[in-house]
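Okay, here's what each chain looks like letter by letter:
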Amino acid sequence: MLSSIYIKNFAIIDEIEIDFHENMSVLTGETGAGKSILIDAINVVLGNKKTSKISRNENLDTEIVCHFNLSNNNILQTLEEKDLLDENSCIFRRKINTKNISKIYINDKPVTSSTAKFIGNLIIDIHGQHENQLILSSDEQRNRLDNFTSLNNYILDIKNILLEINNIKKTLSEKTLSAGEYDEKVSLLEYEVNELENEALDPQDYEKIYKEYKKLSNADILIKKTNECKSLIEDENNISINLLLSNLNKSLESIRSIDEGTNNILSTNINIQEQVRDLSKMLEKYENSIKIDNERLTYLNEKILSLNNLSRKYNTSENDLINIFYVKQDTLNDLKMNKDNIDEKNKKIEENILNYHKIAEEISNIRKKEALILEKKISTQLKELGMSECQFKINITSDNTLISKNGYDKVTFLIKTNKKSKLLPLNEIASGGELSRLSLVIQLETRSNNDCETMIFDEIDTGIGGATSEVLGNHLSRLSENTQVLCVTHLAQIAAKSKHHYLVSKDKNLSSTKLTYLDNDMKVNELARMIGGIKLTDKTIQFAKELID
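Below, the structure is looked at part by part. This structure is a prediction, so every number in the text was calculated from the model and none was measured.

1. A short note on the overall build of the protein chain
When you go through the protein chain residue by residue, the secondary structure sums to 17 helices and 15 strands. Computed over the C-alpha atoms, the radius of gyration of the protein chain is 49 Å, more than 25% above the 24 Å expected from 2.2 N^0.38 for a compact globule of 549 residues. By principal-axis analysis of the C-alpha atoms, the protein chain measures approximately 160 × 60 × 40 Å. Burial analysis of the protein chain (549 residues in total) assigns 42% to the buried set. Summed over its atoms, the accessible surface of the protein chain is roughly 30,700 Å², and 47% of this surface lies on carbon and sulfur atoms.

If you want it as structure tokens, here you go:
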């Protein structure tokens, strides 16, 4: 609800600040006092009105601030999504400087006029001669009918179905290849997996074959070098290690025969001779192990060359080829599994679409049935509000191929205000008063918890009086039980129904508008003035009290 408004240097207003309350409030005053200027100011701060030539004093900045207290979860969620939420408050502020440069803020954050309009239309609905009322929107007309028919749960089901379809499609678009791309990728991966599976080795196995290849390819050298080592140890024709050690042993035995203290030296030489004999045996055994196998060597050579080529192809080392194999194998398996998953997801989309059409058809049937009831209710109430020749009709056009969050139907409210006219859409109605009264009746019949929290009516009483004005006042009072209602009126019968009354008047010395909140006695006097003019009489005062009672 609108809790307060501050206006500075706007039209004929110098500076005013006023608090507003729940339920129904009226603004009354003499013609020209500036009652509608307040509504103009609200439109300006919400971004709905041009700002040229609105300053009272062109040498001063203009500022308008509206403070709303909110409880509507739909509005609070929208503010949060746009990063404008500040607990349950929403403060619109617009400043226009002397160069006519304008800025709009919501909760002290700068916003564009389009954002201000969007948020503002959720919070407040203004009905006046020149305002773009929410009820003129085709979407709003459909929402009104859906509120009346209690279709919100069905609509929520459709929204959830379409959300699931969109989520599935998004997943598919992120992961799905075309049929040609899929076959091509699978074919390539299958070839690569097969190639790597046949060739790639674990690092340990690769190390083994590399060592084997190295030994086989150098077998002649190994045999030659082994023979050289054996000759150095035991060649009988030349000086060898065995011969030298044997001669050394004879000399050491001679030394020991003289000096027994050299026994350990002799023992060491004997040990060395034994180790040399062992070494000779090891060389013999090693020589016997060396085989010349040209067929095996050719195989190993080709294997290593193949691994070298693969490592260059996949830009990795021979040792890491096995990991490339595992990755490609997993990718191939995922693709094949994903193909099955895609088929399952497409089947799920088809099931959801069938479910959507089933619910959408049911919604369309309910709308058409309930629209006839709502037409009669609204037409009856319009007659009570002085629109006796008025006919109201709800036109529904359906397209059963349409997939949308609201189903098949486009809803249009039609009206004719006299017998000679044709049924026309609401936006072709000339009278702002008639349109405001129609909107009031529609609100009473179709209101929901997600509707705006404040409604303003200007000129809703144009062209009516007497008993009709009292009926209109009752309607406004009833509407204010669920939403804040602000009404600019010149009829005492309507003003008497309000819980809060504001007098709009001009300060003759300053030629500026001011607002005064009226207590009960002041309200009686204002109602008496509205009934009988400037001069108050006992009869008009008594009548004013009776209206309030």
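Don't stop here, the text continues.
2. Observations regarding the side chain of Thr-262
Among the structural elements, Thr-262 can be located in the loop between helix H9 (241–258) and helix H10 (263–289). Among the residues examined, Thr-262 registers a relative accessible area of 14% and is labelled buried. Among residues more than four places away in sequence, those in contact with Thr-262 are Ile-255 and Arg-256.

3. Focus on the nonpolar core
In this structure, Leu-382, Ile-394, Leu-438, Phe-457 and Leu-476 are the most contacted members of the largest nonpolar core, which totals 47 residues. Not counting residues within four places of it along the chain, the set of residues in contact with Leu-382 comprises Met-387, Cys-390, Phe-392, Ile-415, Arg-437, Leu-438 and Val-441. Of all hydrophobic cores here, the second largest spans 44 residues; its members include Leu-2, Ala-41, Ile-124 and Ile-456.

4. Focus: the packing of helix H8 (residues 219–234) against H10
Orientation of H8 relative to H10, taken along the N-to-C sense of each, is 155°, at an axis distance of 10 Å. Regarding the angle of H8 to H10, the classification is roughly antiparallel. Two packed elements cross with a definite hand, and for H8 against H10 that hand is left-handed. Packed against H8, whose contacting residues are Leu-222, Ile-223, Thr-226, Asn-227, Cys-229, Lys-230, Ile-233 and Glu-234, the element H10 presents Val-276, Leu-279, Ser-280, Leu-283, Glu-284, Tyr-286 and Glu-287 at the interface.

5. Quick look at the packing of aromatic side chains
Taken as a whole and judged by the stated rule, the model has seven aromatic pairs. On the numbers, 5.0 Å between centres and 55° between planes, the contact of Phe-20 with Tyr-502 is tilted. Of this pair, Phe-20 sits in the loop between strand E2 (13–19) and strand E3 (24–28) while Tyr-502 sits in strand E14 (residues 500–507); the two residues are 482 residues apart in sequence, bridging distant segments of the chain. Owing to a relative accessible area of 7%, Phe-20 belongs among the buried residues under this scheme. Overall, the relative accessible area of 0% leaves Tyr-502 in the buried class. Ring geometry for Tyr-206 versus Tyr-210: centroids 6.4 Å apart, planes at 25°, classification stacked. Linking Tyr-206 with Tyr-210, this pair stays in helix H7 (residues 203–217), spanning four residues, or about one helical turn. Assessed through its relative accessible area of 11%, Tyr-206 is described here as buried. Ring pairing ties together the aromatic residues Phe-20, Tyr-502 and Tyr-517, which thus form one cluster.

6. Some remarks on the pairing of strand E5 (residues 89–96)
Across the two faces of E5 the burial differs, with Cys-90, Phe-92, Arg-94 and Ile-96 buried and Ser-89, Ile-91, Arg-93 and Lys-95 not buried at all. As paired strands, strand E4 (residues 62–69) and E5 are joined by eight bridges and run antiparallel to one another. For Ile-64, the partnering residue across the bridge sits in E5 and is Arg-94. Strand direction decides the pairing type here: E5 and strand E6 (residues 102–106), joined by five bridges, are antiparallel. Of the residues in E6, the one forming a bridge with Ile-96 is Ser-102. Once E5 ends, the chain turns through five residues before running back antiparallel as E6, passing Asn-100 with a positive phi of about 65°.

7. What about the packing of H9 against H10?
Packing of H9 against H10 brings their axes to within 9 Å, and their N-to-C directions diverge by 160°. Judged by the inter-axis angle, H9 sits roughly antiparallel to H10. Considering the relative orientation of H9 and H10, their crossing is left-handed. Within the contact between the two elements, H9 uses Ile-241, Asn-242, Leu-245, Ser-246, Leu-248, Asn-249, Leu-252, Glu-253 and Arg-256 and H10 uses Asn-263, Ile-265, Leu-266, Asn-269, Ile-270, Ile-272, Gln-273 and Val-276. Partitioning the contact of H9 with H10 into residue classes produces nine nonpolar, six polar and two charged.

8. Notes on the pattern of salt bridges
Evaluated as defined, the whole model comprises 16 salt bridges. Ionic pairing is found between Lys-393 and Glu-375, a salt bridge with its closest N-O pair at 3.9 Å. One end of the pair, Lys-393, is in strand E9 (residues 391–398); the other, Glu-375, is in helix H12 (residues 321–384), with 18 residues separating them in the sequence. Taking relative accessible area as the criterion, Lys-393 reaches 32% and is therefore assigned partly exposed. Glu-375 sits in the buried class, given a relative accessible area of 11%.

9. Let's talk about the sheet that holds strand E8 (residues 124–127)
Taking strand neighbours across the sheet as the criterion, the six strands line up as E8-E12-E13-E3-E14-E15 in an open arrangement whose pairing is mixed. If you trace the sheet from one side to the other, it starts and ends with E8 and strand E15 (512–517), each paired once. Between one strand axis and the next, the sheet turns by 15° as a mean value, whatever way the strands run. In this sheet, strand E13 (residues 484–488) lies alongside strand E12 (residues 454–458) in parallel orientation, the contact comprising five bridges. Within E13, the residue paired with Ile-456 across the bridge is Leu-486. Helix H3 (residues 113–123) rests against E8 and E12 of the sheet, and its axis sits at about 85° to E8.

10. Topic: the environment of Leu-374
Within the secondary structure, Leu-374 is located in helix H12. Judged by its relative accessible area of 0%, Leu-374 is buried. Between the C-alpha atoms of Leu-374 and Glu-58, which are 316 residues apart in sequence, the distance is 50 Å. Beyond its immediate stretch of four places on either side in the chain, Leu-374 contacts Leu-145, Phe-148, Ile-394, Glu-445 and Thr-446.

11. Here we look at unusual backbone geometry
If you check the backbone angles, Asn-23 has positive phi at about 65° while not being a glycine. You can see Asn-23 is positioned in the loop between E2 and E3. Given the relative accessible area of 21%, Asn-23 is considered partly exposed. Even without a glycine there, the phi angle at Asn-315 is positive, about 55°. Residue position: Asn-315 is located in the loop between helix H11 (294–313) and H12. Judged by its relative accessible area of 71%, Asn-315 falls in the exposed class.

Rules behind the numbers
- Counting restarts for each chain: residues are numbered from 1 in the order of the written sequence.
- Where totals are concerned, whole chains, interfaces and linings use all residues; where local detail is concerned, this predicted model gives features only for residues with pLDDT of at least 70, and gives and counts side-chain atom pairs only at 80 or more.
- As a rule here, side-chain values come from all non-hydrogen atoms in the structure, and water together with hydrogens is ignored.
- Where helices and strands are cited, they refer to DSSP runs of H or I of at least four residues and of E of at least two residues respectively, numbered from the N terminus.
- The globule rule used for comparison is 2.2 Å times the number of residues to the exponent 0.38, while the radius of gyration itself is calculated over C-alpha atoms.
- Burial classification: accessible surface area is computed with a 1.4 Å probe over protein chains only, and a residue below 20% of its type maximum counts as buried, one above 50% as exposed, and the rest as partly exposed.
- Methods summary: accessible areas were calculated by the Shrake-Rupley approach with a probe of 1.4 Å, and residue burial reflects only the protein chains presented.
- Any two residues whose heavy atoms approach within 4.5 Å are treated as being in contact.
- Definition used in this section: a nonpolar core is a set of buried Ala, Val, Leu, Ile, Met, Phe, Trp, Tyr and Cys residues joined via side-chain atoms within 4.5 Å.
- Axis lines are fitted to C-alpha atoms, over the contacting stretch for helices. Their N-to-C directions set the angle, which ranges from 0 to 180 degrees.
- Geometric relationships in this document are graded by angle, where less than 35 degrees denotes roughly parallel, more than 145 denotes roughly antiparallel, 65 to 115 denotes roughly perpendicular, and other angles denote oblique.
- Crossings are sorted by hand: turned counterclockwise from the far helix by less than a right angle, the near helix makes the crossing left-handed, and turned clockwise it makes it right-handed.
- Under the pairing criterion, centres of Phe, Tyr and Trp rings, with the six-membered ring standing for Trp, must be within 6.5 Å; the plane angle then separates stacked pairs below 30 degrees from edge-to-face pairs above 60, leaving the rest tilted.
- Between any two strands, at least two bridges found by DSSP are needed for them to pair.
- Gly falls in the polar group here, along with every residue not listed as nonpolar (Ala, Val, Leu, Ile, Met, Phe, Trp, Tyr, Cys, Pro) or charged (Asp, Glu, Lys, Arg).
- We define a salt bridge as a side-chain nitrogen of Lys or Arg found within 4 Å of a carboxyl oxygen belonging to Asp or Glu.

Geometric descriptors of this kind do not, in isolation, establish any biological role.
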